Amino acid sequence: MQVGAVMELLRPLLADITVDGLSLVGEATAEDLGLTEDEAVVLGPLAVSLELTNVEGLVAVTGVLEGTVVRECVRCLKEYEDPLAFSVRAAFVPEPKSVPRHPKRVDSRTTNTKLVEAEQVEEPDDQYQYQGNQLELAPMLREHIILSAPMRPLCSDDCLGLCPRCKKNLNEGPCQCSEEPPIPTVRVIQVTNRKAGGSSAS
Ligand SMILES: [Zn+2]
Ligand SMILES: [Zn+2]
């Protein structure tokens, strides 16, 4: 993938987002998104497909992110490939500094109540800010990937885990523990009389 193409995909210009919207389709690597290995181990590039619409400076982003992330199963501790496919929803608003003036001068009291109402009614879309005439989509996509990680990743819903005794991965087959009777904890040790044993040898 060319650097320029990734830039276009992850840093669209506001001017390109027309009333009809802007479709962004391409691939981005974990590095492009600023994802570290601690956050997510991504296998290969991520497929990004986004639709952007601009309504008076408020840019709504919807789309799909697909790829493969390597996770460690909490039961068997084995790494497994987890296919990702989730929808992306975010809104970008201009950073306050970049707005020179409030568009309408209204009585502050009415504005405040309106804002409060708006906050309560508004869908809790992830909101981001953009500076100037360009959007930075990478941090938003990065967060989506981090948040998509399950609390308890499992290689499979019916992962058998490890044997608590011999630590064998039971997905690979049963261990000896289940077949054999439990090892007796008290072993009878025969103590032979050394003197007697020594004398009988001759
Ligand atoms: Zn597992
Ligand atoms: Zn075992």
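None of the values given here were measured: they were computed from a predicted structure.

Here we take up the sheet that holds strand β2 (residues 41-55). One key point about sheets: their strands pair by backbone hydrogen bonds, in either a parallel or an antiparallel sense. With mixed pairing, the five strands of this open sheet are ordered in space as β1-β2-β3-β4-β5. Only two strands of the sheet have a single partner each, and these edge strands are β1 (22-28) and β5 (126-130). Taking the axes of each pair of neighbouring strands and ignoring which way they run, one obtains an average angle of 25° across the sheet. Helix α4 (residues 138-147) contacts β2, β3 (58-72), β4 (79-94) and β5 of the sheet and is inclined by roughly 135° relative to β4.

What follows concerns the confidence of the model for the protein chain. Scored by pLDDT, the protein chain comes out at a mean of 81, with 71% of its residues at no less than 70. Note that pLDDT drops below 50 for residues 110-114; the model gives that stretch one contact with residues more than four away or on any other chain. Predicted confidence is poor over residues 116-124, with pLDDT under 50, and the contacts of this stretch with residues over four places away or in other chains come to zero contacts.

The next thing to look at is the environment of Lys78. Mapped onto the elements of the fold, Lys78 is located in the loop between β3 and β4. On the neighbour-count criterion, Lys78 (15 C-beta atoms within 10 Å) is partly exposed. Considering only alpha carbons, one finds Lys78 and Leu162, 84 residues apart in sequence, at a separation of 10.0 Å. If sequence neighbours within four positions are ignored, Lys78 has contacts with Cys73, Cys155 and Asn169.

Another point: unusual backbone geometry. Positive phi outside glycine occurs at Leu77, with the angle close to 60°. One non-glycine residue, Lys167, adopts positive backbone phi at about 65°. Summarising the element assignment, Lys167 is placed in the loop between α4 and α5 (194-201). A tally of 10 C-beta atoms within 10 Å means that Lys167 is categorised as exposed.

Calculation criteria
Residues numbered from 1 in each chain as written. Chains lettered and ligands numbered in written order. Predicted model: local features only at pLDDT ≥ 70, side-chain atom pairs only at ≥ 80, totals over all residues. Pairing = 2+ DSSP bridges. Helix = DSSP H or I, 4+ residues; strand = E, 2+ residues; numbered from the N terminus. Axes fitted to C-alpha atoms, helices over the stretch in contact; angles between N-to-C directions. Contact = placed C-beta atoms within 7 Å. pLDDT = per-residue confidence, 0-100. Buried ≥ 20, exposed ≤ 12 C-beta atoms within 10 Å, placed from the backbone.

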